[in-house]
Amino acid sequence: MRAHLARVDAVIIQAVIAGALSFSHLHDLAEAAGQGGWKAWAYPVSVDLLLVAAWRRMREQQRAGHSAGGPRLWFLVALAASLGANVATAGLLDLDDVPASLRVVVAGWPAVAFFGGTLLAHTPRTPPVPGAPAAPETDTEPPLVPAEVDGHHRDALPVPPTDPAAEERAGVAPVSAAAVPLPPALVDRVQVLAEQHRATTGRPADPDAVRARLGLPPSMTPSVAAHL
């Protein structure tokens, strides 16, 4: 933890020193170019603000996955102004006799900085493109139905897949998993036949036998059994 704080402190101190030197160089150059008084102090603030604003917008555009060409251009412009002032005040330029072209550049900087700052501030912030929605998971396991053992419902058991061809070979008619609803008149007829069978034999009626007496196809056996 202490090592991390030491590194952070070193970076902050270095940033303060570099910022102070750059600020001073920009002030000296602006003053030498004829911008005296408070105007000479405003130039370093303008350059540094444009530099920071362009850097922040460039990082936002990159994180959103969009082109950052515009913010990068204004970042390079502000960086060139700061670096140019540092180099110009290193003894390569006579500050007592500044060229007219440099006076023009320094005098025109406020308009350039205002234009760049306006573009950076009013460029619409585009949100990141959302990823494609994940495909819904499909349930490949067989459905569960309640199993009745000794008249009591047990835990739900999976329904094994049926093979119609194998059932035909075995002489068993394929039965649909879901019972088809019967008309009310047919339901009454099923219950009457079931009561007659119970009264005659003393045993519950066989769904398949009741279905056969009604002349229904084998696939209707579950529907008949549902009303017995």
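Just so we're clear, the structure is a prediction, and the values are computed from it rather than from any experiment.

Examining the overall build of the chain
Helix and strand content of the chain: 8 helices and 2 strands. Each helix (α) and strand (β) of the chain, taken in turn from the N terminus, gives the series α-α-α-α-β-β-α-α-α-α. For the chain, the proportion of its 228 residues judged to be buried stands at 21%. Pairs at least 24 apart in sequence give 55% of the contacts found in the chain among residues at least 6 apart. When the accessible surface of the chain is summed, it comes to about 15900 Å², and 64% of that surface belongs to carbon and sulfur atoms.

Some words on the layout of surface pockets
Counted as a void, the largest pocket has a volume near 200 Å³. Taken together, 13 residues make up the lining of the largest pocket; nearest its centre are Leu26, Leu29, Ala81, Val105 and Val106. Looking at the lining of the largest pocket, the elements with two or more residues in it are α1 (2-32), α2 (38-63), α3 (69-92) and α4 (100-122). Residue classes in the lining of the largest pocket are distributed as 12 nonpolar, 1 polar and no charged.

Some details on the nonpolar core
In terms of nonpolar packing, the biggest core is built from 22 residues, with Leu50, Val106 and Trp109 touching the most fellow members. For this core, the secondary-structure elements that each account for two or more residues are α1, α2, α3 and α4. The leading source of residues in this core is α2, at 6 residues. Once residues lying within four places of it in the same chain are set aside, the contact partners of valine 106 are Ala30, Ala33, Gln35 and Tyr43. Counting residues in hydrophobic clusters, the runner-up holds 10 residues, among them Leu182, Val190, Val210 and Met220.

Some words on the environment of valine 87
Looking at where valine 87 falls in the secondary structure, it is placed in helix α3. Exposure remark for valine 87: the relative accessible area of 40% places this residue in the partly exposed category. Put simply, valine 87 and histidine 25 are 62 residues apart on the chain and 8.7 Å apart in space, counted from C-alpha to C-alpha.

Observations regarding the packing of aromatic side chains
Counted under the stated rule, the structure contains 3 aromatic pairs. Consider the rings of tryptophan 55 and phenylalanine 75, whose centres lie 5.6 Å apart with planes at 45 degrees: the pair is tilted. In this pair, tryptophan 55 is assigned in helix α2 and phenylalanine 75 in helix α3, connecting sequence segments 20 residues apart. On the basis of relative accessible area, tryptophan 55 is assigned to the partly exposed category, the value being 43%.

Here we look at the confidence of the model for the chain
Should pLDDT be low for a region, the predicted coordinates there are not to be read in detail. For the chain, mean pLDDT is 75; residues scoring 70 or higher make up 71% of the total. Mean pLDDT values over the elements of the chain span from 46, in strand β1 (residues 144-149), up to 90, in α2. Low pLDDT, under 50, characterises residues 144-159; the predicted model gives this stretch 20 contacts beyond four residues in sequence or across chains.

The rules behind the values
- Residues numbered from 1 in each chain as written.
- Predicted model: local features only at pLDDT ≥ 70, side-chain atom pairs only at ≥ 80, totals over all residues.
- Heavy atoms only, no water.
- Helix = DSSP H or I, 4+ residues; strand = E, 2+ residues; numbered from the N terminus.
- Buried < 20%, exposed > 50% of the residue type's maximum accessible area, 1.4 Å probe, protein only.
- Contact = heavy atoms within 4.5 Å.
- Areas by Shrake-Rupley, 256 points an atom, 1.4 Å probe, with all protein chains shown as cover.
- 1 Å grid on protein atoms, 1.4 Å probe; cavity = no way out; pocket = protein on both sides within 12 Å on 5 of 7 lines; lining within 4 Å.
- Points joined across faces, edges and corners; volume = space filled by probe spheres on them.
- Nonpolar A, V, L, I, M, F, W, Y, C, P; charged D, E, K, R; others polar.
- Core = buried A, V, L, I, M, F, W, Y, C linked by side-chain atoms within 4.5 Å.
- Phe/Tyr/Trp six-rings, centres within 6.5 Å; stacked < 30°, edge-to-face > 60°.
- pLDDT = per-residue confidence, 0-100.

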